[in-house]
Amino acid sequence: MRLQDTFLRPEGFLRRKGLLGPEDFLRCILLPFLASRAALFLAGWFARDNFAPNPTYAEYARRGYFLTRFFWVDMWAHWDAKWYLSIVQEGYRYSEPLTQSYSNLAFFPLYPYLVRALIWPIPGGLKSEGLALLVGLVISNACFLLAAWLIYRLALAAGGDPGAAKRTVELLVVFPAGFFFSSFYPESLFLALTAGALWAAACRRWWLAGLLGLLAAVTRGQGLLIAAPLAWMYMQERRWQWRAIRPDVLWLALLPIGLLTHLASLYQRTGDFLAPMRAQAAWGRWGADWWSNLQLQLGGPGLDPFKLDFALLVIFVLLTLAMFRRPAWRAFALYSFLLLALPIATALFVSVSRYLAVVFPVFIYLGSILKDGAPYQMVRAVSFGLQVVYFVGFVNYYWIA
């Protein structure tokens, strides 16, 4: 059975009782989200004064903040957040050579431009780093709630089991890198756009799928990969008959327009049409030695986030391969496979848990095969325990993802 069929058959997803009502939203999404964020906030606040910070970045610990003096905001805005903030404040800036100098050209524009647009009407005297970061955090958390609602609906459509849909959202909330969904990062926005694109395709709203895919492609570098499952779902809808293709397929041609526009604007500044990809090379991506990086990541003593991240990557790959066994899930599986292939191809596994956090079809599949009981409760507890540990490290200037 095709995923689209579950949205349209009389006993299927669009029936009134299958929709996520206010009580279900509160129980299945909002309460787990708020409880987890409250626990992370308390852990981060406690960690500031009770755990040793990364000695390499002791200067930040001594002054008590990374980007803003408001610690309750700053704890969610470390590392790459400064590059997104620089785009909000100054636009794109770079120095030559692109492949060797860190620059904000490596980061995509939709999230910082959205923050910039929302603070634009505010008088200049009131604008500050803290205000920009706070607006970004509001966007991130709101987008995650929207994404969780969409993913709940996709999970319910895929399996027809409200329990599985609830487990899907819970697993997403407690995932070790899940705190990035509430941070000054574009993960939540990207998650909402990609989940929305697949939901629109499942509902046969191709114009909306194309528009959301366009926006996803200018939110994260791998956003254009959503084109593959959308095309799969379109052809599946047409029974894989080329003669059945209709003009509505042209909506999917929207996907690369935003990315091409962004690349063209940077070309005018740099003379390099692939400037974002060149800029990412300064962080060791694209062309690194795969085997040497793997040995470096796994060769250190003891258990660390890099080893845990690699173990999570292996688990996600195995679950994606298992997903291909279900014909109705193959569009999901294809999208997961492509998202996982990208960090593997770059030969740099640092930050991989943050990349895994947006591979939501794996969470849908895992929610469908796990059942409520001791094994599921253990998975959830271990996962959230790791998230707390990761966040404590993040707050104390250790590189997590």
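Located above this text is the structure these notes cover.
Residues numbered from 1 in each chain as written. Predicted model: local features only at pLDDT ≥ 70, side-chain atom pairs only at ≥ 80, totals over all residues. Heavy atoms only, no water.

1. Structural notes on a positive patch on the surface
Point 1. Residues Arg93, Arg116, Lys127 and Arg269 make up a contiguous surface patch of positive charge.
Point 2. Assignment of secondary structure puts Arg93 in the loop between helix H5 (81-90) and helix H6 (110-119). (Patch = residues over 30% accessible without salt bridge, like charges linked within 9 Å, V, L, I, M, F, W, Y side chains within 5 Å. Areas by Shrake-Rupley, 256 points an atom, 1.4 Å probe, with all protein chains shown as cover. Salt bridge = Lys/Arg side-chain N within 4 Å of Asp/Glu carboxyl O. Lys, Arg positive; Asp, Glu negative; His and termini not counted. Charge placed at Lys NZ, Arg CZ, Asp CG, Glu CD. Helix = DSSP H or I, 4+ residues; strand = E, 2+ residues; numbered from the N terminus.)

2. Brief notes about the nonpolar core
Point 1. Counting 118 residues, the largest nonpolar core has Phe179, Phe184, Leu191, Leu198, Leu230 and Phe360 as its most contacted members.
Point 2. Counting residues per element, this core draws most heavily on helix H7 (residues 129-159), which supplies 16 residues.
Point 3. If we skip the residues at most four places from it in the chain, Leu198 touches Leu154, Ile226, Pro229, Leu230, Met233, Phe332, Tyr335 and Phe360. (Core = buried A, V, L, I, M, F, W, Y, C linked by side-chain atoms within 4.5 Å. Buried < 20%, exposed > 50% of the residue type's maximum accessible area, 1.4 Å probe, protein only. Contact = heavy atoms within 4.5 Å.)

3. As for the pattern of salt bridges
Point 1. For the structure shown, the criterion picks out 13 salt bridges.
Point 2. Here Asp248 and Arg238 are joined by a salt bridge, their closest N and O atoms 2.9 Å apart. With a gap of 10 residues between them, Asp248 in the loop between helix H11 (227-237) and helix H12 (255-270) and Arg238 in the loop between H11 and H12 connect regions that are remote in the sequence.
Point 3. When its relative accessible area of 23% is taken as the criterion, Asp248 is described as partly exposed.
Point 4. Put simply, Arg278 and Asp272 hold a salt bridge, and the shortest N to O gap is 3.0 Å.
Point 5. Overlapping salt bridges bring together Asp80, Glu187, Arg220 and Arg354 as one network.

4. Comments concerning the packing of aromatic side chains
Each aromatic ring pair is specified by the distance between its two centres and by the angle formed by the two planes.
Point 1. Overall, the coordinates contain 34 aromatic pairs when judged by the stated rule.
Point 2. Here the aromatic rings of Trp79 and Trp399 are separated by 5.9 Å at their centres, their planes lie at 55°, and the arrangement is tilted. Residue Trp79 is found in the loop between helix H4 (71-74) and H5, and its partner Trp399 is found in the segment after helix H19 (374-395); the two are separated by 320 residues along the sequence.
Point 3. The class for Trp399 is partly exposed, based on a relative accessible area of 29%.
Point 4. Aromatic side chains Trp329 and Tyr365 sit 5.8 Å apart centroid to centroid with 80° between the ring planes, which places their arrangement in the edge-to-face category. Taken as a pair, Trp329 in the loop between helix H15 (305-323) and helix H16 (330-346) and Tyr365 in helix H18 (residues 360-369) lie far apart in primary sequence, 36 residues in all. By the burial criterion, Trp329 is buried, and Tyr365 matches it.
Point 5. The side chain of Arg48 reaches across the aromatic face of Phe71, ending 4.2 Å from its centre.
Point 6. Of note, Arg354 hangs over the ring of Phe180, and the distance from its end group to the ring centre comes to 5.4 Å. (Phe/Tyr/Trp six-rings, centres within 6.5 Å; stacked < 30°, edge-to-face > 60°. Lys NZ or Arg CZ within 6 Å of the ring centre and 35° of its normal.)

5. Thoughts on H12
In an α-helix, one turn spans 3.6 residues; hence positions three or four apart end up facing the same way.
Point 1. Between the first and last C-alpha of H12 there are 24 Å, a value that for 16 residues agrees with the 22 Å anticipated at 1.5 Å per step.
Point 2. Those residues of H12 lying buried are Leu255, Gly258, Leu259, His262, Leu263, Leu266 and Thr270. End-on view of H12: buried residues confined to an arc of 130°, all on one side of the axis.
Point 3. In the stretch just after H12, Gly271 is the one whose phi turns positive, near 75°. (Expected span 1.5 Å × (residues − 1). Arc of directions from axis to C-beta.)

6. With respect to the packing of helix H9 (residues 187-202) against H11
Point 1. At a minimum axis separation of 10 Å, H9 and H11 run at an interaxial angle of 5°. The pairing of H9 with H11 is recorded here as roughly parallel in orientation. Taking contact as the criterion, the partners of Ala197, Leu198, Ala201 and Ala202 in H9 are, on H11, Pro229, Leu230 and Met233.
Point 2. In the contact of H9 with H11, the residues fall into 7 nonpolar, no polar and no charged. (Axes fitted to C-alpha atoms, helices over the stretch in contact; angles between N-to-C directions. Parallel < 35°, antiparallel > 145°, perpendicular 65-115°, else oblique. Nonpolar A, V, L, I, M, F, W, Y, C, P; charged D, E, K, R; others polar.)

7. Quick word on the side chain of Arg354
Point 1. Within the element layout of this structure, Arg354 appears in helix H17 (residues 352-356).
Point 2. Under the relative-accessibility criterion, Arg354 is labelled buried at 5%.
Point 3. A polar contact is formed between the side chain of Arg354 and the side chain of Glu187, at a distance of 3.2 Å.
Point 4. Excluding residues that lie within four positions of it along the chain, Arg354 makes contacts with Asp80, Ala177, Phe180, Tyr185, Glu187 and Ala401. (Polar contact = N/O pair within 3.5 Å; in protein donor to acceptor, adjacent residues only side chain to side chain.)

It is worth stressing that arrangement in space is one thing and function is another; only the former is reported here.
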